[in-house]
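# Fold and contact review
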Amino acid sequence: MNADQSFTGKNILKSALLLTIVGIIIKVLSAVYRIPFQNIVGDIGYYIYQQVYPFYGVAFILSTYGFPVVISKLIAELTPTNKAEARKVLFVSFIFLSLLFIALFFIFYTYAEKIASLMGDEHLTLPIKTVAFTYLFVPIMSVIRGYFQGHNNMRPTAISQFVDQFVRVVTILLITYFLVAYGQSIYTTAAGAVAGSIAGACCGAIILCFYWLKRKKDEPQQSTKRNVMKYTSLSIIKTLSRDGLTICISSLLLILLQLADSMTLYSQLVKSELFSATDAKIAKGIFDRGQPLIQLGTVLAASMSLTVVPLISSAKVRADFQNIKEKVDLSFRICIIAGVGASLGLMAIIKPANLMLYTDMNGSYVLAILACTIIFCSLALTAAGVIQGLGSCIIPALCIIIGVICKLFLNYMFVPLFGTYGAASATVLASLVIAMLLIKHLSNMVEIQSLKSYFIKALLAGAWMVCCLIGYQILFHKLFGISLTTDRFLASVETLTAIFLGAWVYLYSILKMGIFTESELRMLPFGEKFVFIMKRKERRLLKEE
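Every value quoted in this text rests on a predicted model; they were computed, and no experiment measured them.

Conventions used here
Residues numbered from 1 in each chain as written. Predicted model: local features only at pLDDT ≥ 70, side-chain atom pairs only at ≥ 80, totals over all residues. Heavy atoms only, no water. Helix = DSSP H or I, 4+ residues; strand = E, 2+ residues; numbered from the N terminus. Buried < 20%, exposed > 50% of the residue type's maximum accessible area, 1.4 Å probe, protein only. Phe/Tyr/Trp six-rings, centres within 6.5 Å; stacked < 30°, edge-to-face > 60°. Lys NZ or Arg CZ within 6 Å of the ring centre and 35° of its normal. Expected span 1.5 Å × (residues − 1). Axes fitted to C-alpha atoms, helices over the stretch in contact; angles between N-to-C directions. Parallel < 35°, antiparallel > 145°, perpendicular 65-115°, else oblique. Contact = heavy atoms within 4.5 Å. Nonpolar A, V, L, I, M, F, W, Y, C, P; charged D, E, K, R; others polar. Salt bridge = Lys/Arg side-chain N within 4 Å of Asp/Glu carboxyl O.

Now for unusual backbone geometry. A positive phi angle, near 75°, is found at Thr359, a position not held by glycine. On the secondary structure map, Thr359 appears in the loop between helix H15 (350–358) and helix H16 (364–371). Using a relative accessible area of 39% as the deciding quantity, one classes Thr359 as partly exposed.

What follows is the structure in structure tokens.
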């Protein structure tokens, strides 16, 4: 390998690492801000915001993980000096996406009242009209991000994503606080919060335009040799339409499940006659408390899927099937351990955590059911990432679509009978269906070890953790008494100390079971400490001898 190739390889790895780190930060930021937002607007305000959030989420994913990836692949496949065709790809992509998303903007804006009516709440018209404006930023953000990613420059994408989300979160919280303080209606306040997404998208687009204007000095000179055009306008449009949607659907997993609830849950609660209109809004708002918890719980799996795709793609190009098998096995082990630990740990401490985060314990059992979603969504995201890395994008999309259809069907079956408990159960079952379909398909593509033994060990470690957490909470309650049901400070102390205790018990149990090898542990942060814990028993036996 020559020096130039080595330097380029290092740049690509650094860029990929930067994008992965920013992606994790954004996922955490996107989950965490909803907690103070709910505290400001209450359950009804949170319900309104969550009803329209999936429409924004789709626009964000398309402009981040969908179309930019496809455009970058088209750019990267061209010769570095073929600027004429690169310009054609960018021009055709921009025109096509502009027409598509301007049309979507007019559909959402014009038919906002009808969409709100389908959702069962006509007062949602203004928030839906507001969120429609975010679609106008998708073309320019997709094209510029795709251009730079096609040249292995991830910095503009990473910085614009971070600025977009940071400005959005800050704007949402500020606008919400002032609108509530000035006594605006809760629907107007929610529309103002949605406007924060427009502010974020605008700032992200400005950052990208700044990089675009600076790009010329870094571009290679146009070759004097006439190049044969590789892509026709029609082939570019077909590639964008097919690959752009299929690539991003796996990233839309959680958002599509939320969208299914937005379209059916409130209306079904009202139709069931178990809830009045106001009570149904409160119930949906309480149900939506689970979304940031699920999002935080699946951060590791989501980041794993972002990391594993290029690694497996690279191994596939080299025909290094042993490496692929090892990467898949390690990915699933980490996913199962993290997912089971997060699901069982959250279920064990859900009551004090609910009070700490959302000011009361309402809906704790519903949230406990939703916590089971973490493990299945983690498996689904990891499996989808591996399948994409092996070169198949259509199958993960189809599996997720089937799962979302199951979610809609189960909502119509369960919600009229069991209310939000039914909706939570439907989410768990739908995510289980998606995970099973993806793992089944992956097992047909590459040999993977049985996950049963990992699950059993994780569940044993998790059961011991749950027992310790229940015992700890009983002692904590005896010490502080009945005030725990209303005292948010004590609930916060109980939750945070329980998290540290549960994490330590679970991690210690996992290390003692030998699920990870010593070399694998050394690759992780604090790996040497993990190895020290794992080998403590061996050192004690040596001393006794």
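Right, picking up where we left off after that structure.
Evaluated as defined, the whole model comprises 24 aromatic pairs. Residues Phe67 and Phe101 carry aromatic rings whose centres are separated by 5.9 Å and whose planes lie at 85° to one another, so their mutual orientation is edge-to-face. Residue Phe67 is located in helix H2 (residues 34–76), and its partner Phe101 is located in helix H3 (residues 83–110); the two are separated by 34 residues in the primary sequence. Relative to Phe106, the ring of Phe105 lies with its centre 5.2 Å away and its plane at 65°, an arrangement referred to as edge-to-face. Under the relative-accessibility criterion, Phe106 is labelled partly exposed at 48%. Ring-pair connections join several aromatic residues into one group, and the members of that group are Tyr33, Phe37, Tyr46, Tyr49, Tyr53, Tyr56 and Phe60. Stacked on the ring of Tyr53, the Lys or Arg Arg34 has its end atom at 4.2 Å from the ring centre. One cation-aromatic arrangement involves Lys129 over Tyr109; the distance from NZ or CZ to the ring centre is 5.1 Å.

Given 3.6 residues per turn, any residue in an α-helix points the same way as the ones three and four places further on. The first and last C-alpha atoms of helix H20 (residues 452–480) sit 41 Å apart over 29 residues, in line with the 42 Å expected at 1.5 Å per residue. For H20, the full list of buried residues reads Tyr454, Ala458, Ala461, Gly462, Met465, Val466, Leu469, Gln473 and Phe476.

Let us now look at the packing of helix H5 (residues 125–132) against helix H8 (residues 186–214). The interhelical angle for the contact between H5 and H8, taken along N-to-C directions, is 10°, at an axis separation of 8 Å. Between H5 and H8, the crossing angle belongs to the class labelled roughly parallel. Along the contact surface, H5 presents Leu126, Pro127, Thr130 and Val131, while H8 presents Tyr187, Ala191, Val194, Ala195 and Ile198. Split by residue class, the contact of H5 with H8 holds 8 nonpolar, 1 polar and no charged.

As a further point, take the pattern of salt bridges. For the structure shown, the criterion picks out 4 salt bridges. Between Asp261 and Lys407 there is a salt bridge whose closest N-O contact spans 2.8 Å. Of this pair, Asp261 sits in helix H10 (residues 253–271) while Lys407 is found in helix H18 (residues 394–418), placing the two residues 146 residues apart along the sequence. For the pair Asp261 and Lys407, a shared accessibility class is recorded, and that class is buried. Between Lys284 and Asp288 there is a salt bridge; the shortest N-O distance is 2.6 Å.

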